[in-house]
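# Examination of the molecular architecture
Chain residues, written in single-letter form:
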Amino acid sequence: MRRVLFRSHLPGTGAKMKTPAPVHAWDIVLVLLSLLLAILQTTTAQKNGINIYSLTVDSKVSSRFAHTVVTSRVVNRANTVQEATFQMELPKKAFITNFSMIIDGVTYPGNIKEKSVAQKKYSAAVSRGESAGLVQATGRKTEKFQVSVSVAPAAKVTFELVYEELLSRRLGAYELLLQIHPQQLVKHLQMDVHIFEPQGISFLETESTFMTNELAKALTTFQNQTKAHIQFKPTLSQQQISPEQQDTVLNGNFIIRYDVNRTSSGGSIQIENGYFVHYFAPEGLSTLSKNVIFVIDKSGSMSGRKIQQTQEALLKILDDLRPYDQFNLISFSGEATQWKPQLVPASAENVKEAKSYVAGIQAQGGTNINDAMLMAVQLLERANREELLPARSVTLIVLLTDGDPTVGETNPSRIQKNVQEAIDGQYSLFCLGFGFDVSYAFLEKLALDNGGLARRIYEDSDSALQLQDFYQEVANPLLTSVAFEYPSNAVEAVTQDHFRLFFKGSELVVAGKLRDQSPDILSARVRGQLNLEDITFVTESSVAEQEEAFRSPKYIFHSFMERLWAYLTIQQLLEQMVSTKSDAEKQALEARALSLSLNYSFVTPLTSMVITKPEGQEQSEVAEKPVENESRHRNVYSGPALFGTHSMRDRMSRITGDSGADPVLSKRRGWRGQAGVFGQGPGFPMRFGQLGPSGPIHPPYLPDPSHHTTWGAVLPDIALASVSSAISVPDQASRDLDIRIKETTTTAPPPAPIQAPSVILPLPGQSENQLCVDLKHSQGLLNLLSDPGQGVEVTGHYEMGKAKFMWIDVTFKNPQLQVRASPEHVVVTRNRRNSAYKWKETLYSVVSGLKMTMDKAGLLLLSSPDRVTIGLLSWDGPGEGLRLLLRDVDRFSSHVSGTLGQFYQDVLWGPPAAADDSKRTLRVQGRDHSATRELKLDYQEAPPGKEIVCWSVEL
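In short, a report on the structure. Because the structure is predicted, anything quoted here is derived from the model rather than measured.

### Some words on the packing of helix α9 (residues 369-385) against helix α10 (residues 412-423)
Running from N to C, α9 and α10 cross one another at 5 degrees; their axes reach a closest spacing of 10 Å. By the angle between their directions, the pair α9 and α10 is classed as roughly parallel. Touching Asn370, Met373, Leu374, Val377 and Glu381 of α9 are Ile415, Asn418, Val419, Ala422 and Ile423, all from α10. Among the residues forming the contact of α9 with α10, the class breakdown is 7 nonpolar, 2 polar and 1 charged.

Encoded structure:
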């Protein structure tokens, strides 16, 4: 395999150069920069010849169980041996079940073995770190699988990866996540998702972070009562960023969300090939009252953004408490402090007081988790003794911490023992780990020991939303002490069938095997406790009818329910291994989970996949399942990747200091073509921006090489540090520059920049076609638009002192959905489920006919047939801030109102004033407003905007 390495022989940092005449020095600088540009251009053009000619993703979801097959076919079009790299990101909850490579007609399979056996047999590969490189945690929800292989000239390779997962219901929806990132145009690219749900599909929606209006034409969705087929098959031209750029736009997530029809009965029993699954999520139940104690870490490590986001989330959570709930707050650092001496009702007055307490929390000191947890339990014990906990209410403790214990009892095992003994099975504990400085294994065991679960909160702009979303999952308990009962002569090998709690929006799942002589009808009873009484749900299912329903080969893969049972059993055994105290019991659980993993070919934390390669290459690599705690202290990459390669962009990030550089941003920073003048890019030494004899000298525009990435290409390492250190400005030239700079600073100051107005309103059919509105006298919460006929309302919070919106909300009645735009991000809320998107992050989503799109310029559009299109923009031109855009305003009904909506009622424009034709009056709903013709910036154009003459009013 040919590897090319460019090295610079220029002097390193600190090397001295002879100082020739200034003109010659600048000539040297220009020559060096030209050579650098030539190297980069040559490198970019040297593709390694690996071409993906086919890429298919086929996912079959049968009764919530997803079986996904990814197939990539590549050919080496170079005349030398090249390296092809197969990359894919798959959900963390998924188990890889198969991987194979077909090279020149020979199949090289992956073999799943017990982890200890694989590590012992291939210890040399493991010691070189090869095993750790095949599967890595890469984001909140995904793991990256990667394999490389050498490919002879003209040879073809087929990669195939298979993985499976059981989709869990969260806040009323199942979610299937697929990632697409081929890094080049693919002649045959196709994704097919088949869904079969015997209960019936109640809603189906798709979302993508790469979809464009052109790509949307390649997306088709078919749905009937029980089946759905989503197909994405873009042509080469649809995959291109633009007709001029032969680069792919496909880079990101494709998400499918759906739910099924439900009744108030005992759920749905489904049967296939001798196995059954029982899904239980009844509708129409009332929420149980709850007692909740929030235990909040306020140690020094929580200072800054973490404590601010925690406070933000708690303020929202407190608002969501119901009047019949009881609560308290404990904050801790080296010592624990309780807000109130006892639980208090969630009355408006108490919630208001609690908010003041939360707002005053300051982060400092150590971390005493043990004392804080015991204080929470003692509060509950005292309330229980005094009979202050309502009968049949649900009691929860929610712990949030970002670090390991450092004060008081610091031994994790003793803390876990102390807490479990204190709780004694009476309450449920949920543990939230903020960031990667806390042992997730410690929190997971602490939660599982006490009937709860653990969740990692990722440090990001949406951390507060992650906290809120977690609370929403446990905010509405519907049943306690849930038990599933089946006839002993009908089933065996049943998974977990007793559950402490059932929450709204979730689902309880039990699977098992039918006995050989089982009855024709499988019946089940589900018992649980409501607020005032016990309840029993009864359901029955015909074995013959269920078996017949799953015979459709297009939607079903063979024996899926048996594999579902094995998957669920393994997941539950792994959880039991965490919480068990007996070594003998742990070994028994591990042995059973290992046996199932090997029998059903699942890569789990107990097994490894050994991947063989052709003779002459590395003979084996080992793929292992990461566990959550292994990603501790790791910088987690959150961007998507499906099929990857060594990318020139990685090299470029060392040159520019900006891993996200692209031509649009480069132009915005002042970089242009080779013949122009260039602004200083981040990462370049300051001397690049100094003036030469005929003007400023800046680095030539560096092409965006991410548009030319190839599979497995090994690109030059350019010693930029040496280049930059060699390019220095002679002392005489520096002195000349100082004089020139001083001369330029004596000129008159530039005029004040033209500003963009707060809002530009299109006014079709009026004497003026648009109106600029400046919010000069409006403060706080504003009702901007309200139209019951359109089923939409727009509100915003405006700060006069900052002259900008702090947030803008758009609320739709059908579908019930809210979009909140803030300077940090956009949050879409539906069914208590929040989805956060950063500005300039591509988005395409269709929810019940409402289309949401966002482009890389930061324009979010909300549109649907026969509705006004509402746009939200993160404007970074003069007068930066949030901006509102309106289109199709002729669709407003006659009932539209609000600060801005009033201008779509009867508006009378008066003639220009005789003394000054730049002024006139307009009357809106009987009230006069003074309008002035002014020069403004149209923020609907890309920054810095387009100058327009606009009639402006102040509100």
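### What about the packing of aromatic side chains?
Considering all chains together, one arrives at 28 aromatic pairs under this definition. An angle of 65 degrees between the planes, with centres 5.9 Å apart, marks the rings of Phe436 and Tyr458 as edge-to-face. Highlighted residues: Phe436 in the loop between β24 (428-434) and α11 (440-448) and Tyr458 in the loop between β25 (454-457) and α12 (463-474), separated in sequence by 22 residues. There is no split in this pair, since Phe436 and Tyr458 are both buried. Taking the centre distance of 5.3 Å and the plane angle of 50 degrees together, the rings of Phe550 and Phe560 count as tilted. Here the residue Phe550 occupies a position in the loop between α13 (543-549) and α14 (560-579), and Phe560 occupies one in helix α14, the gap between them amounting to 10 residues. An aromatic cluster is present here, built from Phe280, Phe484, Phe499, Phe502 and Phe537 joined pairwise through their rings. Cation over ring: Arg64 sits above Tyr279, and NZ or CZ is 3.7 Å from the ring centre.

### Points about helix α15 (residues 583-599)
Here α15 spans 24 Å end to end across 17 residues, near enough to the 24 Å set by a 1.5 Å rise per residue. Those residues of α15 lying buried are Leu589, Ala593, Leu594, Leu596 and Ser597. Across the axial projection of α15, the buried residues extend over an arc of 165 degrees, all falling on one side. In α15, the exposed positions that point more than 90 degrees away from the buried face belong to Ala584, Gln587 and Asn599. Buried positions along α15 lie against β5 (106-114), α14 and β32 (607-612). Immediately downstream of α15, the backbone of Ser601 shows phi near 55 degrees, a positive value.

### Comments concerning the environment of Phe805
Inspection of the secondary structure assignment puts Phe805 in strand β40 (residues 804-812). Since its relative accessible area comes to 3%, Phe805 is described here as buried. Expressed as a C-alpha distance, the spacing of Phe805 and Leu884, which sit 79 residues apart in the sequence, is 9.9 Å. The residues touching Phe805, leaving out its near neighbours within four places in the chain, are Leu775, Leu784, Gly796, His797, Tyr798, Pro823 and Leu882.

### Some thoughts on the packing of α11 against α14
In contact at an axis separation of 8 Å, α11 and α14 are set at 95 degrees when each is read in the N-to-C sense. In terms of orientation, α11 and α14 fall into the roughly perpendicular class. Taken together, the residues of α14 that come into contact with α11 (itself represented by Glu444, Lys445 and Leu448) are Glu575, Val578 and Ser579.

### Description of the sheet that holds strand β39 (residues 792-799)
The 6 strands are arranged β38-β39-β40-β41-β42-β43 in an open sheet whose pairing can be described as antiparallel. Across the chains shown, the open sheet's two edge strands, defined by having one partner strand only, are β38 (780-787) and β43 (833-838). Taking each pair of neighbouring strands and ignoring which way they run, the sheet shows an average axis angle of 15 degrees. As judged from the 7 bridges shared by β38 and β39, these two strands associate in the antiparallel manner. Following the sheet pairing, Gly780 is matched in β39 by Tyr798. Along the sheet, α12 contacts β42 (825-830) and β43; its crossing angle with β43, the most-contacted strand, is approximately 165 degrees.

### A look at the side chain of Lys290
Along the polypeptide, Lys290 turns up in strand β19 (residues 290-297). A relative accessible area of 1% places Lys290 in the buried class. A distance of 2.8 Å separates the side chain of Lys290 from the backbone oxygen of Ala475, its partner in a polar contact. Setting aside residues up to four positions removed in sequence, Lys290 forms contacts with Leu321, Asp325, Gln326, Val394, Leu396, Tyr471, Ala475 and Pro477.

Reading the values: rules and limits
- Residues numbered from 1 in each chain as written.
- Predicted model: local features only at pLDDT ≥ 70, side-chain atom pairs only at ≥ 80, totals over all residues.
- Heavy atoms only, no water.
- Axes fitted to C-alpha atoms, helices over the stretch in contact; angles between N-to-C directions.
- Helix = DSSP H or I, 4+ residues; strand = E, 2+ residues; numbered from the N terminus.
- Parallel < 35°, antiparallel > 145°, perpendicular 65-115°, else oblique.
- Contact = heavy atoms within 4.5 Å.
- Nonpolar A, V, L, I, M, F, W, Y, C, P; charged D, E, K, R; others polar.
- Phe/Tyr/Trp six-rings, centres within 6.5 Å; stacked < 30°, edge-to-face > 60°.
- Buried < 20%, exposed > 50% of the residue type's maximum accessible area, 1.4 Å probe, protein only.
- Lys NZ or Arg CZ within 6 Å of the ring centre and 35° of its normal.
- Expected span 1.5 Å × (residues − 1).
- Arc of directions from axis to C-beta.
- Pairing = 2+ DSSP bridges.
- Polar contact = N/O pair within 3.5 Å; in protein donor to acceptor, adjacent residues only side chain to side chain.

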